[in-house]
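A structural walkthrough
The primary structure of each chain is shown beneath.
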Amino acid sequence: TAKVLAMLKRNMASPEEAAAAAGEEKEGEDAATNEKPTQLSYDQLSSGCSRRTAAGVFFELLQLKNWDFIEVDQEEAYGDITISAGNRFAERPPSN
């Protein structure tokens with residue numbers, strides 16, 4: 001779970017980071033070219049992985065959702081899952 005959360009933090013902006021970036025744009029500064037997105041796609045995240053790895057990541061995403069580290073949304077059955085930062089995204093995961 002900690003590895004998946006660390007990977008999400010590397011690739012996705014927290015709400016605080018997104019707000020700070022928006023504030024910089026309003027002040028007339030150019031946005032960074034490597035700005036992180038606020039949402040990730042599970043299809044993109046799991047592309048190139050084995051089915052076993054993709055299933056393991058999916059399970060970890062459910063655990064992170066249960067602990068409020070991320071939010072997940074799926075528009076339709078069998079559709080792509082959108083992952084975004086949850087209330088506790090900036091916190092460290094519990095170690096068990």
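Quick caveat, the model's predicted, so the values are computed rather than measured.

1. Comments concerning the packing of aromatic side chains
Tallied over the entire structure, the rule returns two aromatic pairs. A ring pair is formed by Y42 and F58, whose centres lie 5.9 Å apart and whose planes are at 65°; its orientation type is edge-to-face. One end of the pair, Y42, is in helix α3 (residues 42-46); the other, F58, is in helix α4 (residues 51-66), with 16 residues separating them in the sequence. Y42 sits in the buried class, given a relative accessible area of 12%. Given a relative accessible area of 34%, F58 falls into the partly exposed group. Aromatic side chains W67 and F69 sit 6.4 Å apart centroid to centroid with 70° between the ring planes, which places their arrangement in the edge-to-face category. According to the relative accessible area criterion, F69 is buried, its value standing at 0%.

2. Description of the confidence of the model for the chain
Scored by pLDDT, the chain comes out at a mean of 86, with 88% of its residues at no less than 70. Ranking the elements of the chain by mean pLDDT puts helix α2 (residues 15-26) last with 73 and strand β2 (residues 70-74) first with 97.

3. With respect to the side chain of S41
Residue placement: S41 occurs in strand β1 (residues 39-41). Setting aside anything within four residues of it in sequence, one finds S41 in contact with D80 and I81.

4. What to know about the environment of P94
Looking at the secondary structure, you find P94 in the segment after β3 (81-85). Using a relative accessible area of 38% as the deciding quantity, one classes P94 as partly exposed. For the pair P94 and A2, spaced 92 residues apart in the sequence, the C-alpha separation amounts to 8.3 Å. For P94, the contacting residues outside a window of four places in its chain are W67 and F69.

5. Things to note about the pairing of β2
Within a regular strand, side chains alternate between the sheet's two faces. Taken together, the five bridges between β2 and β3 define a ladder with antiparallel strand orientation. If you follow Q74 over to β3, its bridge partner there is I81. Counted between consecutive antiparallel strands, the loop separating β2 from β3 contains six residues, among which Y78 sits at a positive phi close to 65°.

Scoring rules and cut-offs
Every chain's residues receive numbers from 1 upward, in the order its sequence appears when written. With pLDDT at 70 or above as the cut-off, local features in this predicted model cover only qualifying residues; side-chain atom pairs require 80 or more to be listed or tallied, and sums for whole chains, interfaces and linings still use all residues. As a rule here, side-chain values cover all heavy atoms of the structure and leave hydrogens and water aside. The pairing test for Phe, Tyr and Trp rings, Trp by its six-membered ring, is centres within 6.5 Å, and the orientation test on the planes gives stacked under 30 degrees, edge-to-face over 60, and tilted for anything in between. Per the convention used, a helix needs a DSSP run of H or I reaching at least four residues, while a strand needs a run of E reaching at least two, with both numbered from the N terminus. A 1.4 Å probe rolled over the protein chains alone gives each residue an accessible area, and that area as a share of the maximum for its type sets the label: buried under 20%, exposed over 50%, partly exposed in between. pLDDT expresses how confident the predictor is about each individual residue, on a scale running from 0 to 100. Any two residues whose heavy atoms approach within 4.5 Å at even a single point are treated as in contact. Strands pair, by our definition, only if DSSP identifies at least two bridges between them.

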